[in-house]
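Structural overview for review
In case you want the letters, here they are:
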Amino acid sequence: MEIYKGTATFSGIAIGKILFYHKNEYQIRQYMVSDIKKELNTFNRARVQVGIRLRELYEKNCAGRQTEAEIFQKQAKLLETDSFRRAIESIITSEKVNAAYAVMTNRDELSNTFRNLQEPAICERIFYIQEISNRLIEVLGGISPKIDLGDQPVILAAENLSPTEIMEMDKDKILAVVTHQGSIVSHTSILAKSMAIPSLVGIETQPDWEDAEAIVDGYTGTLYLYPNEEFLKEYEIRRQADIKEREALLKLKTVQDVTRDGKKIGLYANISNLDDINNVLYYGAAGIGLFRSEFQYLGRENYPRENELFCAYKKVAETMGDRLVVIRTVDLGADKQADYLDIPDEVNPIMGNRGIRLCLDRKRMFKAQIRAIYRASAYGNIAMMYPMITSEEELDEIEEIIDEIKKGLTEKKIPYKDILTGIMVETPAAVMISRELARRVDFLSMGTNDLTQYTLAMDRQNPLLRGKYNDHHPAIIRMIKMVIDSAHKENCKVCICGELAADTALTEKFLRMGVDSLSVVPVCILPVRKAIRESDLSVSSDK
């Protein structure tokens, strides 16, 4: 038996045969063309064909997985940009070469130029260029892509795997995903998590594993190849127990989030789009603790209008009824950009003009969103919070805007409520002034993802730091405790809404610290609820 250790991005146990996914490699022949106009027309016909296919894939997937389907929409929009088209047309015209070779040349030059950069926004754009280029080459080369997993479910192994590729596969045929490249926060890992598929990254997969019997342990991040019969039997027992445990968790959908000693905890859901609301209700969350509003701004060609924002917020408010819906004002910048935003290039966008800083620079955009939120507040139980706050001066500006908006709504006799407001604590600066911030709002919400990377000075998406990035670092735990204590002195409540909120190994520790609520992705609600109900805070603990 061979044992390989990687990083688990979603838990679970899978047993089956490996299918090694070979990406199509194209050996494109370069040849000179005499009719440049004809070759340009050939390229542009291929662009139209690929664009149609991408939009078909978007329509096919958007009903069930809106966030993931938007990958196809973003690729279609990039395909239509003048900059992408002109780059390839320039190669065809200046070098008098065939379109397929020009596409490949443009793709490879960009990939080689930026291959050492770790900036997420750049990496995403290069990834999209590679994806649409490969589709163009398939069309121009007359090759029809086919992703056939066979008749039986398989453990899918690959050097790397894009969300586009996994979404084109028959998801019922995938038992687990194992890749060499990728990270716990990569698009593919997030997609696998939303599909509840056990997945591992950081394992050097090999083509000769094809058809090998294997076990994927998504709890320990381990891949077992060629297990003996006794080991297989042991893991089959574990797999069946895992299935029963998941079935038992479903019985917790309607029970309260209360510890054994009677302390009630708020358990909310994080969502990125309206399609997630059904899962919030299905798993019985107390409400939505983090509604990421960026989905309305990304993957489009211009700013959303106020009424478009209002309709979306009104829908979620009405659907959730009396349950709380916390809308985070738009957190753009860094790796969340769109062409129409025209955000200047920055040396380090993660540390740049993002979140509330960008909103306060673009007050017209910000005011439209806040007006939409206040208008929608009349239809449900809405609260609002602000990302990346680092000073009270920022709150002063926000409060001036809110006063102006409320005055305007009142004058126009548009109904609204005086809603709760909160702050995302995502930087060490916000932690250090958390008591001052707590005096100004109704709640603080700990964004542990950004807080961890800013505290450790490590990009959480950098694969080179995978073994060094520690979101359990004592500094992070102490910061959480500091914020809870500071906020409670001002009668301000505290929620944890980052990835750590879903870490059941820390649930009881957070409860003992005094956290008021946790907010997690819908699929993690039941495991966290179980951990809450198994905690007894009346018993002393050294944890």
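The structure displayed is predicted, hence computed values, not measured ones. (Residues numbered from 1 in each chain as written. Predicted model: local features only at pLDDT ≥ 70, side-chain atom pairs only at ≥ 80, totals over all residues. Heavy atoms only, no water.)

Here the focus is the packing of aromatic side chains. If you walk through the whole model with that rule in mind, you get nine aromatic pairs. Between the aromatic rings of Y4 and W209, the centroid separation amounts to 4.9 Å while the plane-to-plane angle is 50°, which identifies the pairing as tilted. Here Y4, found in strand β1 (residues 2-5), pairs with W209, found in the loop between β6 (199-201) and β7 (213-217); they are 205 residues apart in sequence, far enough to count as distant. Judged by relative accessible area, W209 falls into the buried class, the value being 3%. Judged by centre distance (6.3 Å) and plane angle (85°), the rings of F291 and Y313 are edge-to-face. (Phe/Tyr/Trp six-rings, centres within 6.5 Å; stacked < 30°, edge-to-face > 60°. Helix = DSSP H or I, 4+ residues; strand = E, 2+ residues; numbered from the N terminus. Buried < 20%, exposed > 50% of the residue type's maximum accessible area, 1.4 Å probe, protein only.)

Let us look at the sheet that holds strand β15 (residues 493-496). If you trace the eight strands once around the closed barrel, you get β9-β10-β11-β12-β13-β14-β15-β16, paired in parallel fashion. This sheet shows a mean twist of 25° between the axes of neighbouring strands, independent of strand direction. As paired elements, strand β12 (residues 381-386) and strand β13 (residues 420-425) share four bridges and run parallel to each other. In the sheet register, M384 faces β13, and the bridge partner there is T421. (Pairing = 2+ DSSP bridges. Axes fitted to C-alpha atoms, helices over the stretch in contact; angles between N-to-C directions.)

Look at the UniProt record and you will see "binding site: Mg(2+)" (unreviewed entry) annotated at E426 and D450. The largest pairwise C-alpha distance within this set of annotated residues, which runs over 25 residues, is 5.4 Å, so the set is compact in three dimensions. Within the secondary structure, E426 is located in the loop between β13 and α14 (428-432). Residue E426 is classed as buried on the basis of its relative accessible area of 2%. (UniProt positions renumbered as here; feature names shortened; annotations may be inferred.)

Think of a sheet as strands paired side by side through backbone hydrogen bonds, with each pair either parallel or antiparallel. The strand order β1-β8-β7-β3-β4-β5-β6-β2 describes an open sheet built from eight strands, whose pairing is mixed. Taken across any chain shown, the strands that pair with only one partner, and hence form the sheet edges, are β1 and β2 (7-10). Strand-to-strand twist of the sheet, defined as the mean angle between neighbouring strand axes without regard to direction, takes the value 30°. Taken together, the three bridges between strand β3 (residues 13-20) and strand β4 (residues 154-158) define a ladder with parallel strand orientation. Paired with F20 across the strands is A157, a residue of β4. Running at roughly 115° to β3, helix α8 (residues 229-250) makes contact with β2, β3, β7 and β8 (222-225) of the sheet. (Contact = heavy atoms within 4.5 Å.)

With that out of the way, let us pick up the pattern of salt bridges. Think of it this way: side chains of opposite charge can pair up when their charged atoms draw near. Under the counting rule described, the total for this entry stands at 28 salt bridges. Taking the shortest distance from any N to any O, the salt bridge between K530 and E534 comes out at 2.8 Å. With K530 and E534 both in helix α19 (residues 525-534) and four residues apart, this pair spans about one turn of that helix. Judged by relative accessible area, K530 falls into the partly exposed class, the value being 29%. Salt bridges here are not isolated pairs; linked through shared partners, they connect D82, R85, R86 and E89. (Salt bridge = Lys/Arg side-chain N within 4 Å of Asp/Glu carboxyl O.)

Another point: the pairing of β7. Most of β7 sits out of view: four of its five residues are buried. As paired elements, β7 and β8 share four bridges and run antiparallel to each other. Among the inter-strand pairings, I215 is bridged to a residue of β8, identified as Y224.

On to the side chain of T329, then. Turning to its location among the elements, T329 is positioned in the loop between β11 (324-328) and α11 (356-361). If we skip the residues at most four places from it in the chain, T329 touches S293, E294, I356, F366, Q369, I373, M384, M385, Y386 and P387.

Most of β11 is tucked away, with five of its five residues classed as buried. In β11, alternate side chains face the same way, and those of L324, V326 and R328 on one face and V325 and I327 on the other are all buried. Looking at chain direction, β11 and β12 are connected through five bridges and run parallel. Note on β12: the bridge partner recorded for L324 is N381.

Our next topic: helix α12 (residues 363-376). With 14 residues, α12 should cover 20 Å at 1.5 Å per step; its first-to-last C-alpha distance of 20 Å lies within 8% of that length. The buried count for α12 comes to eleven of 14 residues, which makes it a mostly enclosed element. Among the residues of α12, M365, F366, K367, A368, Q369, I370, A372, I373, Y374, R375 and A376 are the ones counted as buried. At its buried positions, α12 is contacted by α10 (306-320), β11, α11, β12 and α13 (392-411). (Expected span 1.5 Å × (residues − 1).)

You can see E397 is positioned in helix α13. Overall, the relative accessible area of 31% leaves E397 in the partly exposed class. Placed 34 residues apart in sequence, E397 and K363 show a C-alpha to C-alpha distance of 10.0 Å. Apart from the residues lying within four places of it in its own chain, the contact partners of E397 are L360 and K363.

Take the packing of α12 against α13 next. Each pair of packed helices can be described by the angle between their axes along with the distance between the axes. Running from amino to carboxyl end, α12 crosses α13 at an angle of 55°, the nearest separation of the two axes being 10 Å. On the basis of the axis angle, α12 is oblique to α13. In the packing of α12 onto α13, the handedness of the crossing is right-handed. Along the contact surface, α12 presents K363, F366, K367, I370, R371, Y374 and R375, while α13 presents E397, I398, I401, I402, E404, I405, K406 and L409. Looking at the contact of α12 with α13, its residues break down into eight nonpolar, no polar and seven charged. (Parallel < 35°, antiparallel > 145°, perpendicular 65-115°, else oblique. Left-handed = near helix turned anticlockwise from the far one by under 90°. Nonpolar A, V, L, I, M, F, W, Y, C, P; charged D, E, K, R; others polar.)

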